[in-house]
Amino acid sequence: MTQQQLISVIVPAYNEARNLPLLYQKVATVIENLPFRFEIIFVDDGSRDNSVDILKDLGKRDTRVHTIELARNFGKESATSAGIHAAKGDAAIIMDADLQHPPKLLPRLIKQWQKGVEIVVGVRQYSKHESWLKRFTSRAFYAILRRFTSAEITPNATDFRLIDRKVMDAFGAFTERNRLARGLIDWTGFTRCYVNFVGSPRKHGKPGYTYSKLFSLATNTVTAYSLLPLKIASYLGWLILLFSTILGTFVGIEKFILHDPMQLQIRGTALLAIIIMFLVGVILVCLGFVALYIARIHDEVMNRPLYIIKDEHQEEA
């Protein structure tokens with residue numbers, strides 16, 4: 001008899017003691033009648049409450065529960081990565097511990113995976129109860145990513161997703177420290193589909209991501225997937241250089257060749273300002289060239305895999 005496939009449920013958690021028992025209960029109820037084996041991996045990201053004690057107790061009652069306790073708070077992205085690295089399943093489902101990712105959707109994610117989809121992404125639809133600030137910042141975040149990065153990141157795509165074993169193995173090859181796990185998963189290029197859901201309200205506690213942390217995450221994401229910040233100095237330099245050259249040519253002809261027919265009476269201070277502007281443009285252009293070399297170093301230091309093999313096909317002799 002063929003052994004049932006194993007699915008890993010990965011839950012990073014930070015100070016979620018009041019949510020963990022309810023989340024476990026809901027997940028256990030949903031997976032009870034599914035024709036798969038499951039492991040539930042909780043990654044405690046240095047919680048300061050009694051989350052670890054609760055998880056240990058759950059592990060005693062259910063052997064499917066596996067707890068990874070990090071030495072300190074490394075951040076959600078690192079905790080998620082630790083869960084993916086530890087997962088043994090043929091597929092893994094990543095979800096938050098605050099119950100905003102509804103466990104009842106697990107069968108839908110698995111169903112899409114059974115059809116051959118390698119990444120099933122949960123896309124959050126914001127309800128009318130969400131604050132206008134949260135909706136605005138979310139739209140702005142994804143607008144910036146679409147405009148300035150090379151990654152194909154779907155608006156409102158969340159960490160709530162299923163990934164195939166192939167994706168997990170590819171994810172294990174990434175070495176960068178400042179990372180956005182969902183961005184790296186999307187970067188692999190495996191087949192994707194989307195499942196829409198309305199986020200449930202947080203049951204207990206406060207969100208771990210403050211606006212300062214979200215801003216830091218956005219900055220890290222842009223610099224990880226785009227070289228535009230490095231190129232801005234070069235673009236600005238060429239613009240200043242062009243403008244100062246045109247302006248300097250005009251002033252030289254008007255004052256020294258045509259002897260000021262427009263009566264502009266340009267003084268030495270204005271000429272000095274134009275010369276300084278020209279030199280600033282030269283400096284910024286030079287910085288732009290330096291930035292191109294830094295960009296090459298940036299790509300090499302990230303040490304992402306040169307390519308990812310999705311599958312191999314060979315006819316038997």
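Check the entry above for the structure.
What you see is a predicted model, and the numbers here were worked out from it, not measured in a lab.

Re the nonpolar core
No. 1: Counting 37 residues, the largest nonpolar core has Phe42 and Ile110 as the members making the most contacts within it.
No. 2: Within the residue set of this core, elements represented by two or more residues are β1 (6–13), α1 (20–31), β2 (37–44), α2 (51–61), β4 (91–94), α4 (106–114), β6 (157–164) and β7 (192–198).

Things to note about the sheet that holds β4
The strands that make up a sheet are held in pairs by hydrogen bonds between backbone atoms, and each pair lies either parallel or antiparallel.
No. 1: Spatially, the seven strands line up as an open sheet ordered β3-β2-β1-β4-β6-β5-β7, and their pairing is mixed. In this open sheet, the two edge strands, each paired with only one partner strand, are β3 (65–69) and β7. Sheet twist, expressed as the mean angle between neighbouring strand axes with direction ignored, is 20°.
No. 2: α1 rests against β1, β2 and β3 of the sheet, and its axis sits at about 165° to β2.
No. 3: In the packing of α4 onto the sheet, contacts are made with β1, β2, β4, β5 (119–125), β6 and β7, and the angle to β6 comes to roughly 50°.

Examining the pairing of β6
No. 1: Burial analysis of β6 places eight of its eight residues in the buried class, the great majority of the element.
No. 2: When β4 meets β6, the two strands line up antiparallel, connected through four bridges. Bridging from a neighbouring strand, alanine 92 pairs with isoleucine 163 of β6.
No. 3: Pairing geometry for β5 and β6, over four bridges, is antiparallel. Note on β6: the bridge partner recorded for isoleucine 119 is isoleucine 163.

Focus: the pairing of β2
No. 1: Among the eight residues in β2, seven count as buried, and that is most of the element.
No. 2: Direction of pairing for β1 relative to β2: parallel, over a ladder of eight bridges. Note on β2: the bridge partner recorded for isoleucine 10 is isoleucine 41.
No. 3: In this region the chain leaves β1, passes through α1 and returns to the parallel neighbour β2; the handedness of that crossover is right-handed.
No. 4: Taken together, the five bridges between β2 and β3 define a ladder with parallel strand orientation.

Quick notes on the pattern of salt bridges
No. 1: Tallied over the entire structure, the rule returns nine salt bridges.
No. 2: We note a salt bridge from glutamate 118 to lysine 166, for which the minimum N-O separation is 3.7 Å. One end of the pair, glutamate 118, is in the loop between α4 and β5; the other, lysine 166, is in helix α6 (residues 165–171), with 48 residues separating them in the sequence.
No. 3: Linking arginine 165 and aspartate 169 is a salt bridge whose minimum nitrogen-to-oxygen distance equals 3.2 Å. Taken together, the residues span about one helical turn, with arginine 165 and aspartate 169 both in helix α6 at a distance of four residues.
No. 4: The exposure class of aspartate 169 is partly exposed, given its relative accessible area of 49%.
No. 5: Each of the salt bridges in this network shares a partner with another, and the network as a whole consists of Lys76, Asp96, Asp159 and Arg182.

Rules used throughout
Residues numbered from 1 in each chain as written. Predicted model: local features only at pLDDT ≥ 70, side-chain atom pairs only at ≥ 80, totals over all residues. Heavy atoms only, no water. Core = buried A, V, L, I, M, F, W, Y, C linked by side-chain atoms within 4.5 Å. Buried < 20%, exposed > 50% of the residue type's maximum accessible area, 1.4 Å probe, protein only. Helix = DSSP H or I, 4+ residues; strand = E, 2+ residues; numbered from the N terminus. Pairing = 2+ DSSP bridges. Axes fitted to C-alpha atoms, helices over the stretch in contact; angles between N-to-C directions. Contact = heavy atoms within 4.5 Å. Right-handed = clockwise from strand over helix to strand, strands pointing away. Salt bridge = Lys/Arg side-chain N within 4 Å of Asp/Glu carboxyl O.

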